[in-house]
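Listed here are the chains, written in short residue letters.
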Amino acid sequence: MTEVPVQRPTPLHSVSTARRSAERLRAVDRAGLSTASDDRVLSDLCDVARELAAGGYATVSATDGVTSWICAASGDGPAAGTVEGAGGAVEHAVVDSGVPLVLDALPGTPDGGDPAPDTPGRSGSVCSVPVFGEAGHVVAALRVARTGSGEWTPRTVRLLTALARTLGAHLRMAGSMRVSQDLADRLGARLARSESQQQTLSDELGDSQRRTDLLESGLLPPVLPEIAGAEVAAVYVPGAVGEHVVGDFYDLFAVGDRYCLVIGDVCGKGVQASQIAVVARYTIRGAAARDLEVGSIVASVDGTVRTMDERAMLTVVVVVLEHDPDGGLRAEIASAGHEPALVLRADGAVERYGTGGTMLGLPIPCRVATDVVRLGSGDALLLYTDGVTEARPVAGADLFGDDRLTDLFRTCAGLDAAGTVAAVHRGVSAYARGMTKDDTAIVALRVT
């Protein structure tokens, strides 16, 4: 894995003040970071960063090149709204360079001791990573501080950098939604004045939609990693009716010599559902980096979403995969209220796993259904959201349902992963006559 470049400067006071950049400052403003933010997702991601790095506090800070201010915070450190002035030199350096910065011991605390009286919460070591907004501008810095000195491993820096990408995707999405709302308001006013402007306004709304599509960078991985001895394929299909931003998500990532495969579905639609999905996806990544026990991973997601909003609820399946010494893959499956995972054996038999768990985010502890299954050569695993089983051609008609899906999946014996995904999608779409109302995500893994 490519190591993330990290700065390790000498004295902190040697960092030069960043030059003002009109374009970057406009990007900061469009990201909604000109003042302290009341965006709960930023605070939640600060919580995740602090927990991930075992830090004392975490902040998201913006800077105008002279002054820096804290937009969101978590832990025992400076609060949101704090203006740091020259004390924000770390943030200036990160914004200037666009690469992570690590301070193994802050000035004035070379032994990791107590901070100076005028630097509350600033003791020990710090890792700060850039947050990229629109057009590649660095709009903020995600900073995590630890009490006491200590080295920041490349792995921790990479994970914080990945979390900063999520922050950037969220800020770009939120900015797109503000632009969309502004365009919608302008659309109403212009239509009231003149129908002749309809084509121009239609073009503007199309541009607004393209901006909103940036959100998908935080919900879906751009490329699925390869697994030796297996094929993986996935598809996401937006519903024919409803919001443009979604709550379905999937992910696949390596942790050491094992892999974590995830699919989830947030209750509800729109921006809030998408925010919850982004937080859930990266909470899973952070939890898996600490502990690959599937029950612990799911419990971490439950704890996170229960702090977000009383309406934040979702279902999820987490599968931890590792190579079996006897060949094939060993899959540990955990399900929390989600559609069951299906396994198609090479002989055409279909098995169901992960039934009986409860939804996450409820005011009671979650119940997780777990199974362990060995996947041999020719066996396939299918994960999907309820857009598959709840598809139907018209209101009142029978749902596609579990039985039809089982029969359809059985016909996929011998197909590769991409062929399996395509066959399931075609079968569901044909039954619903192309009118699937809900968003649909389908992931297939086949052992070669």
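Residues numbered from 1 in each chain as written. Predicted model: local features only at pLDDT ≥ 70, side-chain atom pairs only at ≥ 80, totals over all residues. Heavy atoms only, no water.

Asker: Give a detailed account of the overall build of the protein, specifying residues and quantitative values.
Answerer: A count of helices and strands for the protein gives 11 helices and 15 strands. The buried share of the protein, taken over its 448 residues, is 52%. When contacts within the protein are restricted to residue pairs at least 6 apart in sequence, long-range pairs at least 24 apart make up 67% of them. Split by element, the accessible area of the protein, about 19,200 Å² in all, is 50% carbon and sulfur. (Helix = DSSP H or I, 4+ residues; strand = E, 2+ residues; numbered from the N terminus. Buried < 20%, exposed > 50% of the residue type's maximum accessible area, 1.4 Å probe, protein only. Contact = heavy atoms within 4.5 Å. Areas by Shrake-Rupley, 256 points an atom, 1.4 Å probe, with all protein chains shown as cover.)

Asker: How would you summarise the pattern of salt bridges if you had to cite specific residues and measurements?
Answerer: Tallying each qualifying case throughout the model produces 12 salt bridges. For Asp407, the salt bridge identified is with Arg410, shortest N-O distance 3.0 Å. Taken together, the positions of Asp407 and Arg410, both in helix α10 (residues 401–410) and 3 residues apart, correspond to about one turn of that helix. Among the ionic contacts, a cluster of salt bridges with common partners joins Asp251, Arg281 and Arg285. (Salt bridge = Lys/Arg side-chain N within 4 Å of Asp/Glu carboxyl O.)

Asker: Which residues make up the nonpolar core, and what values do they have?
Answerer: With 66 residues, the main nonpolar core has Leu33 and Ile284 as its most contacted residues. Ranked by the residues each element gives to this core, the list is headed by helix α7 (residues 270–290), at 10 residues. Every residue in contact with Ile284, bar those within four places of it in the chain, is listed here: Phe249, Phe253, Cys260, Val262, Ile297, Val301, Val316 and Val318. One finds Ile227, Tyr259, Val373 and Leu445 within the second-largest nonpolar core, a separate group that totals 26 residues. (Core = buried A, V, L, I, M, F, W, Y, C linked by side-chain atoms within 4.5 Å.)

Asker: Lay out the sheet that holds strand β6 (residues 230–237) with the relevant residues and their values.
Answerer: Here we have 5 strands laid out as an open sheet, ordered β6-β15-β14-β11-β12, and antiparallel in their pairing. With partners counted over all chains shown, the strands left at the sheet margins are β6 and β12 (350–353), one partner each. The average undirected angle you get between the axes of adjacent strands in this sheet is 20 degrees. With 3 bridges joining them, strand β11 (residues 341–344) and strand β14 (residues 380–384) adopt antiparallel strand pairing. Residue pairing across strands places Leu342 opposite Leu382, the latter belonging to β14. (Pairing = 2+ DSSP bridges. Axes fitted to C-alpha atoms, helices over the stretch in contact; angles between N-to-C directions.)

Asker: If you had to explain the packing of α7 against helix α8 (residues 294–305) to someone new, which residues and values would you point to?
Answerer: Relative to each other, α7 and α8 sit at 140 degrees, their axes nearing to 9 Å. When the axis of α7 is compared with that of α8, the two are oblique. With respect to the hand of their crossing, α7 and α8 are arranged in right-handed fashion. Judged by residue contacts, Ile276, Val279, Ala280, Thr283, Ile284, Ala287, Ala288 and Arg290 of α7 engage Ile297, Ser300, Val301, Thr304 and Val305 from α8. Here the contact of α7 with α8 is built from residues that sort into 9 nonpolar, 3 polar and 1 charged. (Parallel < 35°, antiparallel > 145°, perpendicular 65-115°, else oblique. Left-handed = near helix turned anticlockwise from the far one by under 90°. Nonpolar A, V, L, I, M, F, W, Y, C, P; charged D, E, K, R; others polar.)

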